[in-house]
Every structure is written in structure tokens, then in C-alpha cells.
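# Structural description and commentary
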Amino acid sequence: MTINKKQHAGRPITALLGRKLGMTQVWDANGHLVPLTVVQVGTNVVTQLRTEETDGYTAIQLGFEDIDARKVTKPLAGHFAKAGVAPKRHLVEVRTSEADSYELGQELNADVFTPGTAVDVSGNTKGKGFAGVMKRHGFAGVSASHGSHRNHRKPGSIGACATPGRIFKGQRMAGRMGGVRRTVQNLKIQAVDTEKGLLLISGAIPGPKNGVVLVRSSVKGA
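The paragraphs below set out a description of the structure included in this document. (Residues numbered from 1 in each chain as written. Predicted model: local features only at pLDDT ≥ 70, side-chain atom pairs only at ≥ 80, totals over all residues. Heavy atoms only, no water.)

Let us now look at the side chain of Thr47. Summarising the element assignment, Thr47 is placed in strand E3 (residues 44–50). A distance of 2.7 Å separates polar atoms of two side chains, one belonging to Thr47 and the other to Gln61. In contact with Thr47, not counting residues within four places along its chain, are Gln61, Leu62, Gly63, His79, Phe80, Ala83, Val85, Leu91 and Leu104. (Helix = DSSP H or I, 4+ residues; strand = E, 2+ residues; numbered from the N terminus. Polar contact = N/O pair within 3.5 Å; in protein donor to acceptor, adjacent residues only side chain to side chain. Contact = heavy atoms within 4.5 Å.)

For the rest of this paragraph, the subject is a nonpolar patch on the surface. On the surface, a nonpolar cluster with roughly 220 Å² of combined accessible area is contributed by Ile158, Ile167 and Met173. Residue placement: Ile158 occurs in the loop between helix H3 (133–137) and strand E9 (175–178). A residue is classified by how much of its surface remains accessible, and Ile158, at 32% relative accessible area, is partly exposed. (Patch = residues over 30% accessible without salt bridge, like charges linked within 9 Å, V, L, I, M, F, W, Y side chains within 5 Å. Areas by Shrake-Rupley, 256 points an atom, 1.4 Å probe, with all protein chains shown as cover. Salt bridge = Lys/Arg side-chain N within 4 Å of Asp/Glu carboxyl O. Buried < 20%, exposed > 50% of the residue type's maximum accessible area, 1.4 Å probe, protein only.)

So, about the sheet that holds strand E5 (residues 88–95). Pairing is antiparallel in the open sheet, where four strands are placed in the order E5-E4-E3-E6. Because the sheet does not close on itself, it has two edges, and the strands there are E5 and strand E6 (107–108). Where strand E4 (residues 59–66) and E5 come together, seven bridges link them in antiparallel fashion. Residue pairing across strands places Ala59 opposite Arg95, the latter belonging to E5. Its contacts with the sheet put helix H2 (residues 74–83) on E3, E4 and E5, and the angle it makes with E3 is roughly 95°. (Pairing = 2+ DSSP bridges. Axes fitted to C-alpha atoms, helices over the stretch in contact; angles between N-to-C directions.)

Without other data, these values stay purely geometric and don't point to any function.
As C-alpha cells, this is what we get:
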């Protein structure tokens, strides 16, 4: 999991790591069908605290999912031992103005969120492999009529001739697609199952099933 340091440290942020289990749907009170994504957050543990005095900013580090101690490097083993927690498979750092209200080893469960809360969900998108311009960028392709000479899915011209004599940086071309960090903002928590450690979030979130995602308070505060 990529460590995220681009949070707003001047406001309180609540966050949990979890696994995307899949999607389902429910009917709301108005009879509208609401698509939901189920996220298994289980139990997160505070493994490190950042303070203004020692680090120049305030943040907490969360650990998610236990891992065999034999699979952890010695520096990480010392890091977990200092916090007094069992080794964790995934770590993420979240900036928050309320870091001093947390303690090392503190356990955080699904009940830190309440139904109706607006959240942002970050995760790695599904990897699509090498893709052409039609799939990757939505190009229309070339005419499939007579005389097209098998140009149907080609990008067409990618630049001029002698001037400027090069291809501009950022030109949309074929290449690797997916497998990048993405965030979906202003999703609403529809329900919370504290016994099973589940969050039911309205809408779709990035990543495949069983992908690790970060659920945190909405930056826009909607």
C-alpha cells in the first residue's frame, strides 16, 4: 500500500484500511435502487504517531492484517515491537489534526464511521495490460470502409514532419493501462456492520475484488 502524505493536516481525518469484497445493492426508503460496495475493514491498529515537534507534522500510521513474523524484515520487526503490536501486512500514513488523541497499539474498528458519512476511497485500479488507443483513450479508430488498408484500430498521425521534428510529450498512444492509484470522492456510507467489520459504501470504488483500499473522511466534507 502506498503511503499517502497528501492529506490536509489542518483538519480531523478518520481513516481505515480494508479489503474490497465486491458489490451488492439495496432499496432505499424512496424505492430507489442503490448500488453498494462492501469493504471488510476488520481491525486496524495504530502503529506509529507523528508529532509536530519530532516530524514537523501530525499524522498516524495504521496497520492492517496480521502477517507471520518470519516474513517481516528486521527493521520492520523492530518498528512493530516499538509500537507493541503484532506485525501487519499493510501500512498507511494518514495526516490528521487529531493525532494526539490516538495511542500506540490502539485498535480501530468499523464503528469509527457512521451511516451517512461522506468518504473518499483510494485504491489501485485493475491492471489491463498493454492496450491500444481505442481501449486506452477512447479513440474512434479509422473507417472500416474500402481503401482503409487495415487501419481500423490505428491511432493515425502522431505528429508533423520536419517541424518540430519530434513527438510532443504527453501524446496519447498505446501503452500499459490500469494498475494506478485512483481516488473516488464523496461516496456515502450506507450502513456499518460492527460485528462483521463491514462498511457498505454507495457506488463503485477502485480496484479488483480483495484489493486493499483506504477509506477516509471526505476531503471536500460533503
